[in-house]
Structures are given as C-alpha cells and as structure tokens.
Amino acid sequence: MRSSSPTAQDASGHLQGLARRIRTLRERRGLTQEDFAVRCGISVSFASLLERGERSPSYETLVQVAGALGVPLADLFRVEEDEVAGAHRLVELVRERGLTRAEVDRLLAVAEAMFGGREPGAPPAEEAPRCKEAGCEKPVLAKELCAAHYHRARRAKTGRPSP
C-alpha cells in the first residue's frame, strides 16, 4: 500500500511532471515511442511506463533519455515547462518560417481574435487592425473582419445557417 505522506505525494507529483516532460519533448521532436526507446536503449514498454509516470528511472536511464532527446539532463526537470511549452513552440515556428515582424504581429492578431484579448492591464497592440463592422473593436482575422464577423459572413455567403 502506498504511503500518503507529503513526501510520497511530492515524489509522485515530481515523477508525473518528469513523465509529462519526457513525452512532450519526444513528441516535439517527432519521435515515436519505438524510435525513442531505440535511441535510449530501453524497451518500448519501459518507455511507455516512463511517459505515464509509472516507473522511476535510474540516473543512467535519465542520462540516456536526455541524450536521446538532445537536451541537457537538467532540462528534464524544468518545472515551468507546462506553463511555457507553447511559447517555445511559437518561437521555433517563427524562426523556422523566417517570419517578419509584420507577420508575427498578424499571427498575434489572429490569436487575439481566436482566444480573446490580452492580459488585464497589458497595452493594446498598436499595429493590429480592427474589425470594420460598426462598433466592433476586435482584432481582424481576415478580410478586415474579426473572427465572429468573418465566419458569419462566410456562412451567409454559402447559405449555411448560423449556429
């Protein structure tokens, strides 16, 4: 039977965090569990157990995992990854595609239109165009319209009913 002491709970939480981090890094690199297991020199079933947080890896296994993922060992334990995982992916996208400042601003405007406004107190985007519909100040998604007005116009054009 498992102990419910704070130390045991902390260890379990850390193991789950490590498991999520390993899986995230593997997926980000486009590796299957099979490819990852081969690179680490472990079985596929053990790789699966690691990613589910059901096995505690040895130091040697952690070194192999870090090497297979191409990261320093310390990166496997970065707690803040869950909070900023998307930020790293966005930076990679911008670099890979060679996006210009104007393209990044447009990407941010689309994100604002899709996911809502900025954090409270954050300054508004200076260059982001606003919806042309009267009284609407939302960022433009396409054709000078915010996401809601753009999709409404598309539905009207195709004759589809509004939800």
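Scroll up a little and you will see the structure.
Q: Talk me through the packing of helix H2 (residues 33-40) against helix H3 (residues 44-52); I want residue IDs and the actual numbers.
A: In the contact formed by H2 and H3, the axes pass within 9 Å of each other and the chain directions differ by 105 degrees. The angle between the axes of H2 and H3 places the two elements in the roughly perpendicular class. Two secondary-structure elements touch here, H2 through Gln 33, Glu 34, Phe 36 and Ala 37 and H3 through Val 44, Ala 47, Ser 48 and Glu 51. Broken down by class, the residue content of the contact of H2 with H3 amounts to 4 nonpolar, 2 polar and 2 charged.

Q: Account for the nonpolar core, with residues named and values stated.
A: As a rule of thumb, nonpolar side chains are buried together in soluble globular proteins. Grouped together as the largest cluster of nonpolar side chains are 18 residues, with contacts concentrated most on Phe 36, Val 65, Leu 69 and Leu 76. When residues of this core are traced back to their parent elements, those giving at least two are helix H1 (6-28), H2, H3 and helix H4 (59-69). The element best represented in this core is H4, accounting for 5 residues.

Q: Could you give an account of helix H7 (residues 147-158), naming the residues involved and the relevant values?
A: For H7, spanning 12 residues, the distance from its first C-alpha to its last is 17 Å, which sits close to the expected 16 Å at 1.5 Å a residue. Among the residues of H7, Ala 147, His 149 and Tyr 150 are the ones counted as buried. Where the residues of H7 are buried, they touch helix H6 (101-115). Where H7 terminates, the next one or two residues include Gly 159, which has phi positive at roughly 80 degrees.

Q: So what's going on with H4? Which residues, and what values?
A: Among the residues making up H4, those that are buried are Thr 61, Leu 62, Val 65, Ala 66, Ala 68 and Leu 69. One side of H4 carries all its buried residues, which in axial view fall inside an arc of 165 degrees. Opposite its buried face, H4 presents the exposed residues Tyr 59, Glu 60 and Gly 67, each directed more than 90 degrees away. The positive-phi residue at the C-terminal boundary of H4 is Gly 70, with phi of around 70 degrees.

Q: Residue-level account of the packing of H2 against H4, with values.
A: Where H2 meets H4, the closest approach of the two axes is 8 Å, and the angle between their N-to-C directions is 120 degrees. The angle between the axes of H2 and H4 places the two elements in the oblique class. In this structure, H2 crosses over H4, and the sense of that crossing is right-handed. Residues Phe 36, Arg 39 and Cys 40 of H2 form the contact with H4, whose participating residues are Gln 64, Val 65, Ala 68 and Leu 69. The residue inventory of the contact of H2 with H4, partitioned by class, reads 5 nonpolar, 1 polar and 1 charged.

Q: How would you sum up the environment of Gly 70? Please name residues and give values.
A: Relative to the assigned elements, Gly 70 resides in the loop between H4 and helix H5 (81-97). C-alpha of Gly 70 to C-alpha of Arg 26: the two residues are 44 residues apart in sequence and 9.8 Å apart in space.

Q: Please provide a residue-by-residue account of the pattern of salt bridges, values included.
A: Considering all chains together, one arrives at 5 salt bridges under this definition. Between Arg 26 and Glu 27 there is a salt bridge, with the nearest N and O atoms lying 3.9 Å from each other. Owing to a relative accessible area of 44%, Glu 27 belongs among the partly exposed residues under this scheme. We note a salt bridge from Arg 101 to Asp 105, for which the minimum N-O separation is 3.4 Å.

What counts and what doesn't
- Per-chain numbering applies: the sequence of each chain, read as written, is numbered from 1 onward.
- Reporting in this predicted model follows two pLDDT cut-offs: at least 70 for local features of residues, and 80 or more for side-chain atom pairs to be given and counted; totals over whole chains, interfaces and linings ignore these cut-offs and use all residues.
- Note that the side-chain values use all heavy atoms of the structure and ignore hydrogens as well as water.
- An axis is simply a line fitted to the C-alpha atoms; with a helix, the fit covers only the stretch in contact. Between two such axes, the angle follows the N-to-C directions and lies from 0 to 180 degrees.
- Helix and strand definitions here come from DSSP, where helices need a minimum of 4 consecutive H or I residues and strands a minimum of 2 consecutive E residues; each element is numbered from the N-terminal end.
- An angle below 35 degrees is treated as roughly parallel, one above 145 as roughly antiparallel, one from 65 to 115 as roughly perpendicular, and anything else as oblique.
- Should any heavy atoms of two residues lie within 4.5 Å, those residues are considered in contact.
- Each residue gets one of three labels, nonpolar for Ala, Val, Leu, Ile, Met, Phe, Trp, Tyr, Cys and Pro, charged for Asp, Glu, Lys and Arg, and polar for the others, Gly among them.
- We call a set of buried Ala, Val, Leu, Ile, Met, Phe, Trp, Tyr and Cys residues a nonpolar core when their side-chain atoms join them within 4.5 Å.
- For the exposure calls, accessible area comes from a 1.4 Å probe over protein chains only, and a residue counts as buried if that area is under 20% of its type's maximum, exposed if over 50%, partly exposed in between.
- By this rule, a helix spans an expected 1.5 Å times one less than how many residues it contains.
- Each C-beta atom gives one direction from the helix axis, and the arc is the one those directions make.
- Handedness of a helix crossing follows the sense of rotation of the near helix relative to the far helix, less than a right angle counterclockwise being left-handed and clockwise being right-handed.
- Each salt bridge in this description consists of a side-chain nitrogen of Lys or Arg and a carboxyl oxygen of Asp or Glu lying within 4 Å of one another.

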